[in-house]
Amino acid sequence: ICTAFLRGREITWFELGLHCDVDREKADRIYKTVRQDLGGGSDRRPRGTTRINLYHSPGAGGSTIARRILWQMHYEFPCVVLHRTVPPETADRVQTIYHLTGLPLLVLVEGAEIPENLTEDLFSLLRARQTPAVFLQVLRRFNSTEDRERSFHIDSSLSLVEATRFAHRLAEARPTRKAHIVGLASRASADERSAFYLALETFEEEFEGLHKYVAARILLATDQQKTILLFLSLAYHYGQQPVSAQSFAGILSLPRT
């Protein structure tokens, strides 16, 4: 049942209900921060309009963690996912939900879908109206950042415990690969001990997350960089050979020395 998610697709609410995802060690800290801001602390009072940033590199699982938190919270608080926004109109809708329920809202904002300036405009409007809401903002970052009170970074590298959990979950989908995947999770280097790599090793050509993983990393590449990547890919795929750096001097307008 969980195979679609494990192959690289975005997790669905149905799959979250089945707990197809793997528990991450940092998720509990993020959950407690969200719950406290929503009024789940000892004083039971929401903290107004707040924002919690969840940074992650593509494929690290930040979006899945955010959706897991939303799923856990939706039993107690109204939760919404923002797919697009016209800030004044969205602010009206959020305020309407608050008036109907009398409860603060948890708003999931994916940075890949909503530009940060629009999120900032919406946040400012709700704060000016004193509408209790917590923004859980998921943002892609390739560089690691330190955790703060309302700012967390999800690294693509799994801990040994997380890698073992993930390997056993993958083995449930592909029992014939169990020995290989469980062994790989225990001996892989930190760079290879990622959900992406373990899933790729499990499903190989059937892994559906490869295109999205690569696309996110070449999104901002220049035409020259894409050309170099293309040559490198062709040389490696067909010849398993490296290409001399000097070969690209002309493309980069650099001397061949």
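To start, this report covers the structure provided alongside it. Keep in mind that this is a model prediction, so the values were computed, not measured.

Cut-offs applied
- Residues numbered from 1 in each chain as written.
- Predicted model: local features only at pLDDT ≥ 70, side-chain atom pairs only at ≥ 80, totals over all residues.
- Heavy atoms only, no water.
- Core = buried A, V, L, I, M, F, W, Y, C linked by side-chain atoms within 4.5 Å.
- Buried < 20%, exposed > 50% of the residue type's maximum accessible area, 1.4 Å probe, protein only.
- Helix = DSSP H or I, 4+ residues; strand = E, 2+ residues; numbered from the N terminus.
- Contact = heavy atoms within 4.5 Å.
- Salt bridge = Lys/Arg side-chain N within 4 Å of Asp/Glu carboxyl O.
- 1 Å grid on protein atoms, 1.4 Å probe; cavity = no way out; pocket = protein on both sides within 12 Å on 5 of 7 lines; lining within 4 Å.
- Points joined across faces, edges and corners; volume = space filled by probe spheres on them.
- Nonpolar A, V, L, I, M, F, W, Y, C, P; charged D, E, K, R; others polar.
- Axes fitted to C-alpha atoms, helices over the stretch in contact; angles between N-to-C directions.
- Parallel < 35°, antiparallel > 145°, perpendicular 65-115°, else oblique.
- Left-handed = near helix turned anticlockwise from the far one by under 90°.
- Expected span 1.5 Å × (residues − 1).

**What to know about the nonpolar core**
Nonpolar side chains in soluble globular proteins tend to be buried together.
No. 1: Core analysis: the biggest nonpolar cluster contains 22 residues, and Leu6, Leu158, Phe166, Leu170 and Leu198 have the highest contact counts within it.
No. 2: Counting only elements with at least two residues in this core, the list comes to helix H1 (3-6), helix H7 (160-173), helix H8 (178-187) and helix H9 (195-203).
No. 3: Tallying contributions element by element places H9 first for this core, with five residues.
No. 4: When sequence neighbours within four positions are dropped, the list of residues in contact with Leu158 reads Arg24, Ala163, Phe166, Arg193, Ser194, Ala195 and Leu198.

**Some thoughts on the pattern of salt bridges**
No. 1: In the structure shown here, the tally under the stated rule is 18 salt bridges.
No. 2: For Asp28, the salt bridge is made with Lys32, and the minimal N-O distance between the two is 3.3 Å. Taken as a pair, Asp28 and Lys32 lie in helix H3 (residues 27-40) at a separation of four residues, close to a single helical turn.
No. 3: Overall, Asp28 belongs to the partly exposed group, its relative accessible area being 43%.
No. 4: Where Glu172 meets Arg169, a salt bridge forms, and the shortest distance between an N and an O atom there is 3.7 Å. Remark: Arg169 and Glu172 occur in helix H7; sequence separation between them is three residues, near one turn of the helix.

**Here's the deal with the layout of surface pockets**
No. 1: Its boundaries defined by the atoms lining it, the largest pocket holds a volume of some 940 Å³.
No. 2: In terms of lining residues, the largest pocket is bounded by 42 residues, among which Phe5, Gly61, Gly62, Ser63 and Thr64 are the most central.
No. 3: Contributions of two or more residues to the lining of the largest pocket are made by H1, H3, helix H4 (62-73), strand S4 (133-140), H7, H9 and helix H10 (210-218).
No. 4: A per-element tally of the lining of the largest pocket places H4 first, with seven residues.
No. 5: Among the residues making up the lining of the largest pocket, the classes are represented as 20 nonpolar, ten polar and twelve charged.
No. 6: In this structure, the second largest pocket occupies an estimated 300 Å³ of space.
No. 7: If you go around the second largest pocket, the residues you meet are Val80, Val81, Leu82, His83, Arg84, Thr85, Val86, Glu89, Thr90, Arg93, Val94 and Ile97.
No. 8: Those elements giving two or more residues to the lining of the second largest pocket turn out to be strand S2 (79-82) and helix H5 (87-101).
No. 9: Of the residues forming the lining of the second largest pocket, the biggest block, five residues, is contributed by H5.

**Here we look at the packing of H7 against H9**
A packed helix pair is summarised by two numbers, namely the angle formed by the two axes and the spacing between the axes.
No. 1: At their nearest, the axes of H7 and H9 sit 10 Å apart, and the two run at 25° to each other. Judged by the inter-axis angle, H7 sits roughly parallel to H9. In terms of crossing hand, the pair formed by H7 and H9 is right-handed. Of H9, the residues touching H7 (which contributes Ala163, Phe166, Leu170 and Ala173) are Ala195, Leu198, Ala199, Thr202 and Phe203.

**Notes on H4**
No. 1: Across its twelve residues, H4 extends 17 Å between first and last C-alpha, which sits within 8% of the 16 Å expected from 1.5 Å per residue.
No. 2: Counting buried positions over the twelve residues of H4 gives ten, a clear majority of the element.
No. 3: Residues of H4 that are buried: Gly62, Ser63, Thr64, Ile65, Ala66, Arg67, Arg68, Ile69, Leu70 and Met73.

**Some details on the side chain of Glu15**
No. 1: Relative to the assigned elements, Glu15 resides in helix H2 (residues 13-17).
No. 2: Not counting chain neighbours up to four residues away, the residues in contact with Glu15 comprise Ile1, Cys2, Ala4, Phe5, Glu10 and Cys20.

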